[in-house]
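# Results of the structural survey
Okay, here's what each chain looks like letter by letter:
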Amino acid sequence: MKVNTQSVNFSADRKLIDFIQRRMDKLDLFYDKIIQSDVYLKVENTSDKENKVFEAKVRVPGDSFIVKKQCKTFEEGADVAIASLERQIKKRKQKLRARTKA
């Protein structure tokens, strides 16, 4: 799956982009009809340590999932956000199965 990664007001290094790509690729294991995924990385200008914002938008046929997490590191934000996306995708897949059986 192609992941469009955009970093706002800074340039993300290759290691971070590759990490996000590998984590997002795991979503294909749960649902193979993902059309597009966009990731936005932002750094909030605050004194708070949790100033890294990871936002992911995943589009599937007929729906889209958006998750936004704020953490200390982008890697931590990616892990938490992608785990949330996994739950949402699994729930959608179960609903689709229930409709086809009914």
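See the structure above.
In this text, all values refer to a predicted model and were calculated from it rather than measured experimentally. (Residues numbered from 1 in each chain as written. Predicted model: local features only at pLDDT ≥ 70, side-chain atom pairs only at ≥ 80, totals over all residues. Heavy atoms only, no water.)

### Considerations on the pairing of strand β3 (residues 52-60)
Rule in force here: In this analysis, strands are considered paired if DSSP registers two or more bridges between them. We count a stretch as a helix when DSSP gives it H or I for four or more residues in a row; a strand needs E for two or more, and each element gets its number in order from the N terminus.
As paired elements, strand β2 (residues 36-43) and β3 share 8 bridges and run antiparallel to each other. Residue Val 39 lies in a different strand from β3, and its bridge partner there is Ala 56. As paired elements, β3 and strand β4 (residues 63-71) share 9 bridges and run antiparallel to each other. Across the sheet, the residue bridging to Arg 59 is Ser 64, located in β4. Here β3 folds back onto β4, and the loop between the two strands holds 2 residues, one of which, Gly 62, carries a positive phi near 85°.

### Topic: helix α1 (residues 14-25)
An α-helical turn contains 3.6 residues, so a residue and the one three or four places further along point in the same direction. Condition: Expected helix span is computed as 1.5 Å times (number of residues minus one). Each residue is assigned to one of three classes by its accessible area relative to the maximum for its type, calculated with a 1.4 Å probe on protein chains only: buried under 20%, partly exposed between the two thresholds, exposed over 50%. Picture the helix axis, draw a direction to every C-beta atom, and the arc is the one those directions span. Contacts: residue pairs with any heavy atoms within 4.5 Å of one another.
In this model α1 runs 16 Å from its N-terminal to its C-terminal C-alpha over 12 residues, within 8% of the 16 Å that 1.5 Å per residue would give. When we look at burial in α1, the residues that qualify are Leu 16, Phe 19, Ile 20, Arg 23 and Met 24. With its buried residues spanning 125° around the axis, α1 presents them on a single face. Facing away from the buried side of α1 by over 90 degrees, the exposed positions are Arg 14, Lys 15 and Arg 22. Buried residues belonging to α1 abut β1 (3-8), β2, β3 and α2 (74-101).

### Considerations on the side chain of Asp 38
Formally: In this tally, Asp and Glu contribute negative charge and Lys and Arg positive charge; neither His nor the terminal groups of the chain are included. By definition, a salt bridge exists where a carboxyl oxygen of Asp or Glu is found within 4 Å of a side-chain nitrogen of Lys or Arg. Distance and chemistry together define a polar contact, namely a pair of N or O atoms within 3.5 Å, with one atom able to donate a hydrogen and the other to accept it when in protein, and with adjacent residues in sequence counting only for side-chain atoms on both sides.
On the secondary structure map, Asp 38 appears in strand β2. The side chain of Asp 38 is buried and forms no salt bridge, while Lys 57, the nearest opposite charge, is found at 5.4 Å. A distance of 3.0 Å separates polar atoms of two side chains, one belonging to Asp 38 and the other to Asn 4. Polar contacts involving the side chain of Asp 38 include one to the side chain of Gln 36, which spans 3.2 Å. Discounting chain neighbours no more than four positions away, the residues touching Asp 38 are Asn 4, Glu 55, Ala 56 and Lys 57.

### Let's talk about a positive patch on the surface
Under the convention used in this document: Patch definition: residues with relative accessible area over 30% and no salt bridge; like charges joined within 9 Å; nonpolar side chains (Val, Leu, Ile, Met, Phe, Trp, Tyr) joined within 5 Å. Note on areas: Shrake-Rupley, 1.4 Å probe, and residue coverage restricted to the protein chains presented here. Charge placement uses NZ in Lys and CZ in Arg. For Asp and Glu, CG and CD serve respectively.
On the surface, a cluster of positive charge is made up of Arg 87, Lys 91, Lys 95 and Arg 99. Residue classification places Lys 95 among the exposed residues on the basis of a relative accessible area of 53%.

### Topic: α2
Over its 28 residues, α2 runs 40 Å from end to end, which matches the ideal 40 Å to within 8%, given 1.5 Å per residue. Of the positions making up α2, those classed as buried are Phe 74, Gly 77, Ala 78, Ala 81, Ile 82, Ser 84, Leu 85, Glu 86, Ile 89 and Arg 92. Elements that come into contact with the buried residues of α2 comprise α1, β2, β3 and β4.

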